[in-house]
Amino acid sequence: MKFNLTAQDPHSKARAGELITDHGTIQTPIFMPVGTAGTVKAVHQRELRDDIKAQIILGNTYHLYLRPGLDTIEKAGGLHKFNGWEKPILTDSGGYQVYSLTDVRKIKEEGVTFRSHIDGSKHLFTPENVMDIQRIIGADIIMAFDECTPYPCDYNYAKRSIEMTHRWLKRCCDRFDSTEPKYGYSQTLFPIVQGSVYKDLRIRSAEFIASMDREGNAIGGLSVGEPAEEMYAMTEIVCNILPEQKPRYLMGVGTPVNILENIALGIDMFDCVMPTRNARNGMLFTKNGIINIKNEKWKNDFSAIEEDSDLFSDTAYSKSYLRHLIHSGEMLGAQIATLHNLHFYLWLVTEARNKIIAGEFYNWKNIMVNRLGQRL
């Protein structure tokens, strides 16, 4: 993997770059649609590629390990072959899912034992076998196995947690470096900065992660319920430490406003289930603000979902029709809303990139932040 910085905004830390993988080049800043179980819900791969213009998608180690299972994925020739997506894929390590399974998991130095949410069967994730699992899944970018601390989080717990995450990272790197990719293309490992909302812990973790000298770095444990101001403060601290010449990935973030503010702090890569999950519940992110399409005010609004859009479904269907579909529980409603939100997110990061290259990002960002957060 290679990363080239191509432009820097003169009034912020925002930057534009290119991330080169064996499955294609990614223009940054980038948003990565989440395909938890090998699919971005309600969207064909062709639509992801041609309509949404996604450049990279996510898979989830925990979910893919449980279903369809490693045997099936390996026999298919890896996740790219299994799901028909020819561009880059990133897999998260399952650390976040394990964190969310508080009632059915135990964290020890060896790793994490947990029970499947599907059938209750017992499993063990260790730094070593999570590297092996992600090798088999075949992602271009794989994530280190870490502990994602909750919010709020006791300082001493957060301190013990980052220390274990750092020990686990050494084991991840040793295993990754002693094994080979399975399918004839290269893979790269990103470590993850943790430390909750404690400045000294974030600094300590960022310095350790930077010292590991991997090809890219991630920031985890944010967007877990803390105020946005805390997220931005932690991101700024960490971005000041992580090396400029490597991509920075802020995990699980976020709203359109969150994305723009974090681009301004120096983040290159984002993912979040928000555009897809909220779409299925009738929330649309638009260039003028947020629409709850379930509201009565849209019942007889026959204007296009988004007038100024090159997405077919944005101009082919009205707000009134989409409201009817969502209210009726029709699958097409979830599909249209999902296409719209993902298309909007990819438009937003592409527009941000264009503004960075033109040297106009900072003022544009401030205007857009005021606009995108309002409820219509």
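Predicted model only: the values in this text are computed from it and were never measured. (Residues numbered from 1 in each chain as written. Predicted model: local features only at pLDDT ≥ 70, side-chain atom pairs only at ≥ 80, totals over all residues. Heavy atoms only, no water.)

(A) The environment of Asp268, seen in detail. Summarising the element assignment, Asp268 is placed in the loop between helix H10 (256–264) and strand S15 (269–271). Assessed through its relative accessible area of 0%, Asp268 is described here as buried. Excluding anything up to four places from it in sequence, Asp268 contacts Phe3, Arg15, Thr28, Pro29, Ile30, Lys246, Pro247 and Arg248. A distance of 2.8 Å separates polar atoms of two side chains, one belonging to Asp268 and the other to Arg15. From its side chain, Asp268 meets the backbone nitrogen of Arg248 in a polar contact 2.8 Å long. (Helix = DSSP H or I, 4+ residues; strand = E, 2+ residues; numbered from the N terminus. Buried < 20%, exposed > 50% of the residue type's maximum accessible area, 1.4 Å probe, protein only. Contact = heavy atoms within 4.5 Å. Polar contact = N/O pair within 3.5 Å; in protein donor to acceptor, adjacent residues only side chain to side chain.)

(B) Geometry of the side chain of Asp92. For Asp92, the position within the fold is in strand S6 (residues 89–92). Of the side chains bearing the opposite charge, Arg277 lies closest to the buried Asp92, which forms no salt bridge; the N-O distance is 11 Å. A polar contact of 2.6 Å, which involves the side chain of Asp92, links it to the side chain of Asn60. Polar contacts involving the side chain of Asp92 include one to the main-chain amide nitrogen of Gly94, which spans 3.2 Å. Asp92 has contacts with Gly59, Asn60, Thr61, Gln97, Gln134, Met143 and Met251, leaving out every residue within four places of it along the chain. (Lys, Arg positive; Asp, Glu negative; His and termini not counted. Salt bridge = Lys/Arg side-chain N within 4 Å of Asp/Glu carboxyl O.)

(C) Representation of the UniProt feature "binding site: substrate" (unreviewed entry) in the chain in the model. UniProt's feature table lists "binding site: substrate" (unreviewed entry) at Asp92, Ser93, Gly94, Gly95, Tyr96, Asp146, Gln194 and Gly221, given in the numbering used throughout. Those annotated residues lining the largest pocket are, specifically, Asp92, Ser93, Gly94, Gly95, Tyr96, Asp146, Gln194 and Gly221. Note on placement: Ser93 falls in the loop between S6 and helix H5 (95–100). Residue Ser93 is classed as buried on the basis of its relative accessible area of 2%. Once you skip the residues sitting within four places of it in the chain, Ser93 turns out to touch Thr61, Phe125, Val130, Gln134, Met143, Ala144, Phe145 and Asp146. For Gly95, the location among the structural elements is in helix H5. On the accessibility criterion, Gly95 (3% relative accessible area) is buried. Beyond its immediate chain neighbours, meaning those up to four positions away, Gly95 contacts Phe145 and Asp146. (UniProt positions renumbered as here; feature names shortened; annotations may be inferred. 1 Å grid on protein atoms, 1.4 Å probe; cavity = no way out; pocket = protein on both sides within 12 Å on 5 of 7 lines; lining within 4 Å.)

(D) Representation of the pattern of salt bridges within the structure. The tally for this structure, following the rule as stated, stands at 16 salt bridges. When the shortest N-O distance is used, the salt bridge between Asp308 and Lys287 registers 3.7 Å. Here the residue Asp308 occupies a position in the loop between strand S17 (289–292) and helix H12 (312–316), and Lys287 occupies one in the loop between strand S16 (283–286) and S17, the gap between them amounting to 21 residues. The class for Asp308 is exposed, based on a relative accessible area of 58%. Glu296 serves as the salt-bridge partner of Arg323, at 3.3 Å between the closest nitrogen and oxygen. Of this pair, Arg323 sits in helix H13 (residues 319–328) while Glu296 sits in the loop between S17 and H12, and the two are 27 residues apart along the sequence.

(E) Here's a closer look at the pairing of strand S2 (residues 15–21). Of all seven residues in S2, five are buried; the element is thus mostly enclosed. Bridge count for strand S1 (residues 2–8) against S2 is six bridges, and the pairing is antiparallel. Counterpart to Asn4 in the pairing with S2 is Glu18. The antiparallel pairing of S1 with S2 creates a hairpin that spans six residues between the two strands. Bridge analysis of S2 against strand S3 (residues 24–28) gives five bridges, and the strand direction is antiparallel. In the strand pairing of S3, Ile20 is matched with Thr25. Taking the residues between adjacent antiparallel strands as the criterion, S2 and S3 are bridged by two residues. (Pairing = 2+ DSSP bridges.)

(F) Summary view of the sheet that holds S2. Strand order across the open sheet formed by three strands is S1-S2-S3, with antiparallel pairing between neighbours. This sheet does not close on itself; its edge strands, each paired only once, are S1 and S3. When strand polarity is set aside, the average angle formed by the axes of neighbouring strands in this sheet is 15°. In the packing of helix H14 (residues 331–358) onto the sheet, the strands contacted are S1, S2 and S3, and the crossing angle to S2 comes to about 120°. (Axes fitted to C-alpha atoms, helices over the stretch in contact; angles between N-to-C directions.)

(G) Broad picture of the layout of surface pockets. Computed from the structure, the largest pocket encloses a volume of approximately 790 Å³. The element best represented in the lining of the largest pocket is helix H11 (residues 274–280), accounting for five residues. The class makeup of the residues in the lining of the largest pocket is 14 nonpolar, 16 polar and six charged. Reported here for the second largest pocket is a volume of approximately 190 Å³. As for the second largest pocket, its lining consists of Ile52, Lys53, Gln55, Lys287, Asp308, Ser309, Asp310, His343, Leu346, Trp347 and Thr350. (Points joined across faces, edges and corners; volume = space filled by probe spheres on them. Nonpolar A, V, L, I, M, F, W, Y, C, P; charged D, E, K, R; others polar.)

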